Amino acid sequence: MTSQNTAEQAILDQPELESKSHLVITQPDLQAMLDRYQLSPDARQVVAAEKLLPVGLLSRLHSSYPQHSGLMETRPFLFKVGTNYSGLEGFHRVCEILKENGIELSHIKEREFYIEVYRFLATSHSLNSINWDNYATDSVYQLVLPQPGMIAPEPTMAYVEAETAAERARIVADYSEKTNPHDGNQQLNKPWFENDRGEVEFLDGSQHKYPQCQLVFDTTTQNCFSFCTYCFRHAQVRGDEDMFLQKDIDQLHRYLKLHPEVTDLLITGGDGGFMPANRFEQYIRPIIEDPALSHIRNIRLGTRSLTFHPEMILSSKYDEMLALFDLLYENGIQMAWMAHFSTPRELLNPRTIAAIRRLKAHGVVVRSQSPIMNHISLFTDAEGKVDVDKSAQNWIDLANILAMLGVGFHSMYAARPTGEHHYFTAPLADIERVFSKIYNSLSSINRPSRHISMTISAGKLAIMGTSVINGEKCFALQFTEGRNMEWMNRVFHAKYDEQKNKVDLLLPFDTEEYFFKAELKEIEERLAEALQQRLTGSDTQ
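Residues numbered from 1 in each chain as written. Predicted model: local features only at pLDDT ≥ 70, side-chain atom pairs only at ≥ 80, totals over all residues. Heavy atoms only, no water.

**Looking at the pairing of strand β9 (residues 334-339)**
Strand residues, when the strand is regular, have side chains that alternate between the two faces of the sheet. Operational definition: Residue burial is assigned from relative accessible area. The probe radius is 1.4 Å, only protein chains are included, and a residue is buried under 20% of its type maximum, exposed over 50%, and partly exposed in between. Starting at the N terminus, helices and strands are each numbered in turn, a helix being any DSSP run of H or I of at least four residues and a strand any DSSP run of E of at least two. Pairing between two strands requires that DSSP report at least two bridges joining them. Looking down the strands as they point away from you, a crossover is right-handed if its path from the first strand over the helix to the second goes clockwise.
Of all 6 residues in β9, 5 are buried; the element is thus mostly enclosed. Note that strand β8 (residues 298-302) and β9 share 5 bridges and pair parallel. For Ile 299, the partnering residue across the bridge sits in β9 and is Met 335. Relative to strand β10 (residues 364-372), β9 runs parallel, the two sharing 5 bridges. When the bridges of β10 are listed, Met 338 appears paired with Arg 367. Regarding topology, helix α17 (residues 350-360) serves as the crossover connection from β9 to the parallel β10, and that connection is right-handed.

**Some details on the pattern of salt bridges**
Our working rule: Note on definitions: salt bridges are taken to be side-chain nitrogens of Lys or Arg within 4 Å of carboxyl oxygens of Asp or Glu.
Per the stated rule, a full pass over the model turns up 27 salt bridges. With a shortest N-O distance of 3.4 Å, Glu 481 and Arg 450 are connected by a salt bridge. In this pair, Glu 481 is assigned in strand β14 (residues 472-482) and Arg 450 in the loop between α20 (428-441) and β12 (453-456), connecting sequence segments 31 residues apart. The buried category is assigned to Glu 481, whose relative accessible area is 15%. Sharing partners across several salt bridges, the network here consists of Arg 36, Glu 73 and Arg 345.

**Notes on the layout of surface pockets**
Threshold: Here a cavity denotes grid points, spaced 1 Å and computed from the protein atoms alone, that fit a 1.4 Å probe unable to get out, and a pocket denotes an open set having protein on both sides within 12 Å along at least 5 of 7 lines; residues with an atom within 4 Å of a point are the lining. Grid points are joined across faces, edges and corners, and a volume is the space filled by probe spheres set on the points. Under this grouping Gly is polar, as are all residues other than the nonpolar Ala, Val, Leu, Ile, Met, Phe, Trp, Tyr, Cys and Pro and the charged Asp, Glu, Lys and Arg.
Space inside the largest pocket adds up to approximately 1200 Å³. The wall of the largest pocket is formed by 49 residues, among which Arg 233, Leu 266, His 340, Gln 369 and Arg 416 lie closest to the centre. Residue composition of the lining of the largest pocket, grouped by class: 17 nonpolar, 20 polar and 12 charged.

**Examining the packing of aromatic side chains**
How two aromatic rings sit relative to each other is set out by the distance from centre to centre and by the angle between their planes. Stated precisely, the cut-off is as follows: For Phe, Tyr and Trp, rings pair up if their centres lie within 6.5 Å, where Trp contributes its six-membered ring, and each pair is then called stacked (planes under 30 degrees apart), edge-to-face (over 60) or tilted (otherwise). Charge-over-ring placement is defined geometrically: NZ (Lys) or CZ (Arg) within 6 Å of the ring centre, and within 35 degrees of the ring normal.
Summed over the entire model, instances satisfying the criterion amount to 33 aromatic pairs. Between Tyr 135 and Tyr 141 the ring centres are 5.2 Å apart and the planes differ by 75°, which places this aromatic pair in the edge-to-face class. Residue classification places Tyr 135 among the partly exposed positions, given a relative accessible area of 22%. One aromatic cluster is present, built from ring pairs that chain together Phe 479, Trp 487, Phe 492, Tyr 514, Phe 515 and Phe 516. The ring of Phe 379 is capped by Lys 390, whose NZ or CZ atom sits 4.9 Å from the centre of that ring.

**Overview of unusual backbone geometry**
One can expect most non-glycine residues to show negative phi and most peptide bonds to be in trans. We note that Gln 38 has phi near 55°; this positive angle belongs to a residue other than glycine. For Gln 38, the position within the fold is in the loop between α3 (27-36) and α4 (41-49). With phi around 90°, Arg 119 is a residue other than glycine that occupies positive phi space. Tracing the backbone shows Arg 119 in the loop between α7 (108-118) and β2 (121-123). Note on Arg 119: relative accessible area 35%, which makes it partly exposed.

**A look at the environment of Glu 201**
Cut-off, in case you're wondering: Contacts: residue pairs with any heavy atoms within 4.5 Å of one another. Definition of a polar contact: a pair of N or O atoms within 3.5 Å, with one able to donate and the other able to accept a hydrogen when the atoms are protein atoms, and with sequence-neighbouring residues admitted only if both atoms are side-chain atoms.
Relative to the assigned elements, Glu 201 resides in strand β4 (residues 200-202). Given a relative accessible area of 14%, Glu 201 falls into the buried group. Leave out the neighbours within four places in its chain, and Glu 201 touches Pro 191, Trp 192, Phe 193, Asn 195, Gln 251 and Arg 254. For Glu 201, the side chain forms a polar contact with the side chain of Gln 251, separated by 3.1 Å.

**Digging into the pairing of strand β7 (residues 264-268)**
Counting buried positions over the 5 residues of β7 gives 5, a clear majority of the element. The alternating pattern of β7 places Asp 264, Leu 266 and Thr 268 and Leu 265 and Ile 267 on opposite faces, both of which are buried. As defined by bridge partners, strand β6 (residues 213-217) adjoins β7 across 5 bridges and the pair is classed as parallel. Pairing of Leu 215 across the sheet is with Leu 266, part of β7. As paired elements, β7 and β8 share 4 bridges and run parallel to each other.

**Describing the nonpolar core**
Just so we agree on the cut-off: Side-chain atoms within 4.5 Å link the members of a nonpolar core, which is a set of buried Ala, Val, Leu, Ile, Met, Phe, Trp, Tyr and Cys residues.
Formed by 146 residues in total, the largest nonpolar core has its most connected members in Phe 280, Ile 299, Leu 306, Phe 325, Trp 337 and Leu 359. Element by element, the count of residues in this core is highest for helix α18 (residues 388-404), at 7 residues. Sequence-distant contacts of Leu 359, defined by excluding residues within four places in its chain, comprise Leu 306, Ile 313, Tyr 318, Leu 322, Phe 325, Trp 337, Val 364 and Val 366.

**Some points on helix α5 (residues 55-64)**
With respect to burial, α5 is a largely interior element, 7 of its 10 residues being buried. If you check which residues of α5 are buried, you get Val 55, Leu 57, Leu 58, Ser 59, Leu 61, His 62 and Ser 63.

**With respect to the side chain of Thr 179**
Relative to the helices and strands, Thr 179 is located in the loop between α11 (165-176) and β3 (192-194). Those residues in contact with Thr 179 that lie beyond four places of it in its chain are Val 117, Tyr 118, His 234, Arg 238, Thr 418 and Gly 419.

**Describing the packing of α18 against α20**
For any two helices packed against each other, the geometry is given by the interaxial angle and the distance between the axes. Counted only if it meets this: To obtain an axis, a line is fitted to C-alpha atoms, over the contacting stretch when the element is a helix, and the angle between two such axes runs from 0 to 180 degrees between their N-to-C directions. Any angle between 65 and 115 degrees counts as roughly perpendicular, while under 35 counts as roughly parallel, over 145 as roughly antiparallel, and the rest as oblique. The crossing is said to be left-handed when, going from far helix to near helix, the turn is anticlockwise and less than a right angle, and right-handed when the turn is clockwise.
With their axes 9 Å apart at the nearest point, α18 and α20 run at an angle of 45° to one another. Considered as vectors, α18 and α20 are oriented oblique to each other. Seen along the crossing, α18 lies across α20 with a hand that is right-handed. When α18 is examined against α20, the residues Val 388, Asp 389, Ser 391, Ala 392, Trp 395 and Ile 396 are found in contact with a partner set consisting of Arg 433, Val 434, Lys 437, Ile 438 and Ser 441. Per-class residue counts for the contact of α18 with α20 are 6 nonpolar, 2 polar and 3 charged.

Structure representation (structure tokens):
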């Protein structure tokens, strides 16, 4: 008997599982699962050879969370595996396929307006993850498909009633200008340096806001596998003129040599998972081999491929990238895969489980950092109020599933004030109540590593909870990142408010202004002035 069969028999022999035998996954079940998900012969060979889907793990996941699991579902997928649906044409094809299967979406013009402003892209994997028997409240449906009410009524009505394509194009262009793609003064984060010739060079595809971490928006990562409806980086995916775009890798390395405080390189986009292996090697090889870059200790890859396109990682073509992950691990550099899971459903399928296990087998540390978004991972009751228990349970289940798969629960954060913020946000007081229930319900090892936070120009502000001072309730706040890192050690307070949905709308509790406000203004003015001077100077050289 093989070790795999022995492990399977041990599961079947456990008395506590005998009463749940219909929840135990056997080897024939696994084969049926692979057939349904239409894994390619290449992917099947990888899964089998590397033992990526042990039935013991699948059984424990499925029996623990059958309400979220897609592991034992048998209904045929609606969307052809391996197909992407892009733009208005792709959206219309999705609508056609749904109609062929008895599902007819409403408010098509409203959805088209959203797509023209923000774009549309969905993989068959993300579309097939949706529970089409109850799609209206399905989290992934809200995540990848535009919804009525996402854009405010007035511009939406103007678009719907427009009589010509030219008129609709003008409405789209006008509204796009108001979408705030660079919240938190991101343009001020663009770094520069003087080269050996005394010339100023800008890193047009980088942000360096916090000392330890530098963000890189590489030229190869300016796309996504599927577009999130709440996208915080829509300037990148729709190709705005002021998007961040890093073309010159050598320039980045020269900048890093001048900044030994940088320990982390975060490759993002778009989606960092789009970077091909040969381009990735150009980033990491000098970091491994050049002593002047030995201060770089962590490479982070910001990607949602585990949610939208996990089969990429199961291909033998991905072996090249895995070999580079091995190389990083062998040289003492942490390779951190920064995933974005918001719901248990995104995890409980054979492709994603196998992809996570394959990454971890090559020294990759997988972490999840996720926004808490209304309609997706934050839920309301019949009266439109936040359902604290239901919302918290989604995250409690998610945290425990992440732990079962060896994935770190890095952080949760509130909606950033970009795009259609009004649709996805909720009062911070409600979000704090949800987070408190999550934090109190989990074992310490499964909790998120940070309290709920929100990004503002000053940095990342965490809501630590509520306090009562002199009989008055207030929020306790603390920086987890800051333009001045010395701000991080200080807890301060804001007036409690049941309705405000952005941290920077909260009023100081016991002072006229926050302790950092004056210094922040000086920092921002200095950055803006220096940026303008260097732009002017570079134009005259």
